[in-house]
Amino acid sequence: MARKPRIHFSGAVYHVTLTGLDQQPIFKTVADRRAWESLVEEGAQRFGHTLHAYCWARNHVQMAIQVSDAPLSKVMQNLSFRYTRYFNKHHKREGALFQGRYKAILIDPDDYLNDLVRYIHNNPVRNAKAKSAEAAKWTSHAAYLDADKQPAWLTTSTVLSTFGKTDKASRKAFAKFVDAGRDEGERVDLMRGTDGGRLLGNAKFAKKALKPVKVKPPLMTLNQLVKRVCKEENIKEAQLKSESRARHESRIRQTITYLAMELEVASLTAMADRFNRDLTTMSRNQRYFRDRLNDDAELQKHVRKLQRLLRSGD
């Protein structure tokens with residue numbers, strides 16, 4: 001039976017679980033978890049999502065993620081791919097790190113977000129790794145109790161606002177709420193959902209969530225994008241289609257491909273056809289380009305400038 005597609009809309013909240021291959025560790029050191037958090041932060045800046053809760057267990061992670069315009073699939077593919085590459089390099093291994101596709105359940109935050117955050121914070125308690133959520137390491141519970149421990153990519157206000165009118169009162173009430181759930185065991189609803197495991201909510205929420213999303217028309221055509229960038233870069237497209245491997249042309253080709261994919265104007269396959277390039281080579285070059293984009297401030301500035309020009313239509 002074909003797998004049902006992920007449900008996506010801006011503002012959607014998901015319970016996400018990602019598990020190590022054959023239950024093997026995905027974190028071996030403190031540095032591993034710090035590297036993971038660094039990638040979470042970079043992803044949040046890039047895709048505009050935020051986390052309401054997290055738990056970085058030894059062989060799996062759980063998160064309550066609220067997405068923006070970028071779908072969860074893009075968020076998770078970027079995060080899992082980049083962390084696998086980090087982990088394999090630092091621990092001298094090869095191959096897959098995670099057990100297949102991540103698991104995600106769309107939840108109705110009005111009914112289930114508080115329970116989900118409590119459930120995630122008590123994950124170490126259920127697994128006998130801590131006696132209480134407050135004593136556990138590597139969860140967002142500490143940030144809920146102390147604002148000074150809250151990273152920029154985590155939001156606590158949505159949940160805490162439901163527990164009291166003042167900051168002190170809400171944090172105290174939240175701590176009691178989480179502690180009261182330490183013995184609740186596995187929540188089948190939060191782990192499995194309904195509708196084939198895709199969502200958790202009442203009939204009204206399900207109807208709204210499953211309503212077909214209107215497809216936005218492309219920002220521009222591929223012809224328009226290529227011509228605009230070529231004009232800005234002062235280069236003719238024929239130079240980008242030639243067999244030359246000159247670094248300057250290659251960089252512009254990679255930049256255009258990156259922009260076309262990010263703005264959802266064209267696929268990688270379409271870009272390979274456009275520039276008369278092998279798809280495998282294009283894919284490899286895009287990975288290199290994206291890696292460089294994360295580290296090169298000047299390149300980031302240039303790409304952002306091009307994105308603004310394309311979005312403005314000037």
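Because the structure is a prediction, the values reported are computed rather than measured.

Caption draft 1: Geometry of unusual backbone geometry. In the Ramachandran plot, Trp138 falls in the positive-phi region, its phi being about 65 degrees despite a non-glycine side chain. With respect to the helices, strands and loops of the structure, Trp138 is situated in the loop between α4 (123–126) and α5 (141–145). Of note in the backbone geometry, Glu264 takes a positive phi value of approximately 55 degrees without being a glycine. Its place among the elements puts Glu264 in the loop between α12 (247–262) and α13 (268–274). On the basis of relative accessible area, Glu264 is assigned to the exposed category, the value being 57%.

Caption draft 2: Highlighting the packing of aromatic side chains. Counted under the stated rule, the structure contains 15 aromatic pairs. Here Tyr54 and Trp153 contribute two aromatic rings whose centre-to-centre distance is 5.4 Å and whose plane-to-plane angle is 50 degrees, an arrangement assigned as tilted. Linking Tyr54 in strand β2 (residues 50–56) with Trp153 in the loop between α5 and α6 (157–160), this pair joins segments that are 99 residues apart in sequence. An aromatic cluster is built from Phe27, Trp36, Tyr54, Trp56, Tyr83, Tyr86, Phe87, Phe98 and Trp153, whose rings are joined through pairwise contacts. Sitting over the ring of Phe177, Arg118 keeps its end group 4.1 Å from the ring centre. If you follow Arg126 out to its NZ or CZ, it ends over the ring of Tyr119, 3.5 Å from the centre.

Caption draft 3: Helix α10 (residues 222–233), seen in detail. If you check α10, its first and last C-alpha atoms are 16 Å apart, about what 12 residues at 1.5 Å a residue would give, namely 16 Å. Of the surrounding elements, those touching the buried residues of α10 are α11 (237–241), α12, α13 and α15 (297–312). Positioned one or two residues after α10, Asn234 has a phi angle of 60 degrees, which is positive.

Caption draft 4: Quick peek at the pattern of salt bridges. On inspection of all chains with the given rule, the structure shows 17 salt bridges. For Arg34, the salt bridge identified is with Glu37, shortest N-O distance 3.0 Å. With Arg34 and Glu37 both in helix α1 (residues 30–47) and 3 residues apart, this pair spans about one turn of that helix. Look at Glu37 and you get buried, because its relative accessible area is 12%. Residue Arg292 is joined to Asp296 by a salt bridge in which the shortest nitrogen-to-oxygen separation is 3.3 Å.

Caption draft 5: Seen up close, the sheet that holds strand β3 (residues 60–66). Strand order in this open sheet of 5 strands is β2-β3-β1-β4-β5, and the pairing throughout is mixed. The sheet is open, and its two borders are formed by β2 and β5 (199–200), each paired with just one other strand. Note that β2 and β3 share 6 bridges and pair antiparallel. Its bridge partner being in β3, Ala53 is matched across the sheet by Ala64. Of the strands in this sheet, β1 (13–19), β2 and β3 are in contact with α1, which crosses β2 at around 165 degrees.

Caption draft 6: Looking closely at the environment of His15. On the secondary structure map, His15 appears in strand β1. Separated by 38 residues in the primary sequence, His15 and Ala53 place their C-alpha atoms 9.4 Å from one another. Other than its neighbours up to four places away in sequence, His15 contacts Gln62, Met63, Lys103, Ala104, Ile105, Ile107, Leu116, Tyr119, Ile120, Leu190 and Met191. Separated by 2.8 Å, the side chain of His15 and the backbone oxygen of Leu190 make a polar contact.

Calculation criteria
- Residues numbered from 1 in each chain as written.
- Predicted model: local features only at pLDDT ≥ 70, side-chain atom pairs only at ≥ 80, totals over all residues.
- Heavy atoms only, no water.
- Helix = DSSP H or I, 4+ residues; strand = E, 2+ residues; numbered from the N terminus.
- Buried < 20%, exposed > 50% of the residue type's maximum accessible area, 1.4 Å probe, protein only.
- Phe/Tyr/Trp six-rings, centres within 6.5 Å; stacked < 30°, edge-to-face > 60°.
- Lys NZ or Arg CZ within 6 Å of the ring centre and 35° of its normal.
- Expected span 1.5 Å × (residues − 1).
- Contact = heavy atoms within 4.5 Å.
- Salt bridge = Lys/Arg side-chain N within 4 Å of Asp/Glu carboxyl O.
- Pairing = 2+ DSSP bridges.
- Axes fitted to C-alpha atoms, helices over the stretch in contact; angles between N-to-C directions.
- Polar contact = N/O pair within 3.5 Å; in protein donor to acceptor, adjacent residues only side chain to side chain.

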